[in-house]
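Single-letter residue listing:
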Amino acid sequence: MSKVVIRNIICAFIVVSTIIIFVWGLLIAPFGVAPAGVLQKDDLYGINFFRFYTNLSNLFLGIASAIMLFYKRCPKWLEILYLFAATTVALTLVIVVIFLSPLQVLAGKSYLSMFERDMLFFHLINPILGFVVFGFLTNNFKLTLKHKILALIPTLVYGFVYLLNVVFLRIWKDFYSFTFGGNNAVIPIVFIVILTVVFGLASLLAYIHNRRVNGKHN
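1. Some points on the overall build of the protein
For step 1, the next point in the chain: Helix and strand counts for the protein stand at 8 helices and 0 strands.
For step 2, the next point in the chain: In the protein, the succession of helices and strands from N to C terminus is α-α-α-α-α-α-α-α.
For step 3, the next point in the chain: For a compact globule of 218 residues, the expected C-alpha radius of gyration is about 17 Å, and the protein comes in at 18 Å, within 12% of that figure.
For step 4, the next point in the chain: Projected onto its principal axes, the C-alpha coordinates of the protein cover approximately 55 × 40 × 30 Å.
For step 5, the next point in the chain: Classification of the 218 residues of the protein by burial places 48% in the buried group.
For step 6, the next point in the chain: The long-range fraction of contacts in the protein, counting pairs at least 24 apart against all pairs at least 6 apart in sequence, stands at 71%.
For step 7, the next point in the chain: Considering the protein, the positive charge centre built from 17 side chains and the negative charge centre built from 6 side chains are found 18 Å apart.

As structure tokens, then:
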């Protein structure tokens, strides 16, 4: 089985799982019995499904994966786009593993509760698959420092929207607990830490990707 076929199978899986979960979150869960969570059902589903970085980053990955299905040899712009998407979902995985899951434990829940039902795909499986697709199965063009820096943009944009709605307009709950109970003084530190992690993830992805590119040209 060729690398392109394997890549397309994985991308198709990402696309299908993303479509199913978004249909469920937007159209089915708001009118049925949603699983219990930190937030009320009305805060989690319907149009509010678009509030969450997890969902938006996985939608980004799903779109990038869908586009990739149309190319046997990916153009450079698509590899750059996939770097951005793979980085955002990788951040989701890291935040869940080192921050949100421990918070669940402190709240008396299971560490693995953040990996149940649809969250298993958006918090774990799809981020890993995005990493595999970009790092090992899409290696035509070498990426540079500029691309790693540009990979910060999606998270920066979401961060400012989150800050605006949580701190200034106060129309969203702090559902990621980044203010640690309303302590706005920690926000600059949280921003710096998250952006540092994003740059580190983009650098790791680009490093693995570029090694494969170099190997093809040797």
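Okay, back to it.
2. Details of empty space enclosed by the protein
For step 1, the next point in the chain: For the structure on display, the rule yields 1 cavity of 30 Å³ or more.
For step 2, the next point in the chain: Taken as a whole, the largest cavity spans an internal volume of roughly 330 Å³.
For step 3, the next point in the chain: In terms of lining residues, the largest cavity is bounded by 23 residues, among which Tyr158, Gly159, Tyr162, Phe178 and Ile194 are the most central.
For step 4, the next point in the chain: A class-by-class count of the residues in the lining of the largest cavity yields 18 nonpolar, 5 polar and no charged.

3. Brief notes about the nonpolar core
For step 1, the next point in the chain: Formed by 33 residues in total, the largest nonpolar core has its most connected members in Leu91, Leu100, Tyr158, Tyr162, Phe175, Tyr176 and Phe178.
For step 2, the next point in the chain: If you list the elements that add at least two residues to this core, you get α1 (3–28), α4 (76–106), α7 (153–168) and α8 (187–217).
For step 3, the next point in the chain: The greatest single-element share of this core, amounting to 7 residues, is contributed by α4.
For step 4, the next point in the chain: Membership of the second largest hydrophobic core comes to 23 residues, among which are Leu61, Ala86, Val133 and Leu137.

4. Here we look at α7
For step 1, the next point in the chain: Between its first and last C-alpha atoms α7 spans 21 Å; for 16 residues at 1.5 Å apiece the expected length is 22 Å, and the two agree.
For step 2, the next point in the chain: Burial in α7 covers these residues: Thr155, Tyr158, Gly159, Tyr162, Leu163, Asn165, Val166 and Val167.
For step 3, the next point in the chain: Residue Arg170 follows α7 closely and has a positive phi angle near 55 degrees.

5. A few points about the packing of aromatic side chains
What describes a pair of aromatic rings is the distance from one ring centre to the other and the angle between the planes of the rings.
For step 1, the next point in the chain: All chains considered together, the criterion is met by 20 aromatic pairs.
For step 2, the next point in the chain: Aromatic pair Tyr162 and Trp172: ring centres 6.3 Å apart, planes at 65 degrees, arrangement edge-to-face. Highlighted residues: Tyr162 in helix α7 and Trp172 in the loop between α7 and α8, separated in sequence by 10 residues.
For step 3, the next point in the chain: The exposure class of Tyr162 is buried, given its relative accessible area of 7%.
For step 4, the next point in the chain: Three or more aromatic residues joined by ring pairs form one cluster here, namely Phe52, Tyr53, Phe99, Tyr158, Tyr162, Trp172, Phe175, Tyr176, Phe178 and Phe180.

6. Looking at the side chain of Thr18
For step 1, the next point in the chain: Relative to the assigned elements, Thr18 resides in helix α1.
For step 2, the next point in the chain: Thr18 sits in the buried class, given a relative accessible area of 4%.
For step 3, the next point in the chain: When residues no more than four places from it in sequence are discounted, the contact partners of Thr18 are Asn58, Leu59, Gly62, Phe122 and Asn126.

7. Here's the deal with α4
In an α-helix, one turn spans 3.6 residues; hence positions three or four apart end up facing the same way.
For step 1, the next point in the chain: A rise of 1.5 Å per residue sets the reference length of α4, with its 31 residues, at 45 Å; its end C-alpha atoms lie 44 Å apart and thus fit the reference within 8%.
For step 2, the next point in the chain: Maximum bend of α4: about 50 degrees, positioned at Val96.

8. Quick look at the side chain of Asn55
For step 1, the next point in the chain: With respect to the element layout, Asn55 can be found in helix α3 (residues 53–68).
For step 2, the next point in the chain: Among the polar contacts listed, one links the side chain of Asn55 to the backbone oxygen of Phe49, at a separation of 2.8 Å.
For step 3, the next point in the chain: With residues near it in sequence (within four places) discarded, Asn55 still touches Phe22, Phe49 and Phe122.

Here is what the cut-offs are and how they apply
Residues numbered from 1 in each chain as written. Predicted model: local features only at pLDDT ≥ 70, side-chain atom pairs only at ≥ 80, totals over all residues. Heavy atoms only, no water. Helix = DSSP H or I, 4+ residues; strand = E, 2+ residues; numbered from the N terminus. Rg over C-alpha atoms; globule rule 2.2 N^0.38 Å. Buried < 20%, exposed > 50% of the residue type's maximum accessible area, 1.4 Å probe, protein only. Contact = heavy atoms within 4.5 Å. Lys, Arg positive; Asp, Glu negative; His and termini not counted. Charge placed at Lys NZ, Arg CZ, Asp CG, Glu CD. 1 Å grid on protein atoms, 1.4 Å probe; cavity = no way out; pocket = protein on both sides within 12 Å on 5 of 7 lines; lining within 4 Å. Points joined across faces, edges and corners; volume = space filled by probe spheres on them. Nonpolar A, V, L, I, M, F, W, Y, C, P; charged D, E, K, R; others polar. Core = buried A, V, L, I, M, F, W, Y, C linked by side-chain atoms within 4.5 Å. Expected span 1.5 Å × (residues − 1). Phe/Tyr/Trp six-rings, centres within 6.5 Å; stacked < 30°, edge-to-face > 60°. Bend = angle between axes of the 7 residues up to and from the residue. Polar contact = N/O pair within 3.5 Å; in protein donor to acceptor, adjacent residues only side chain to side chain.

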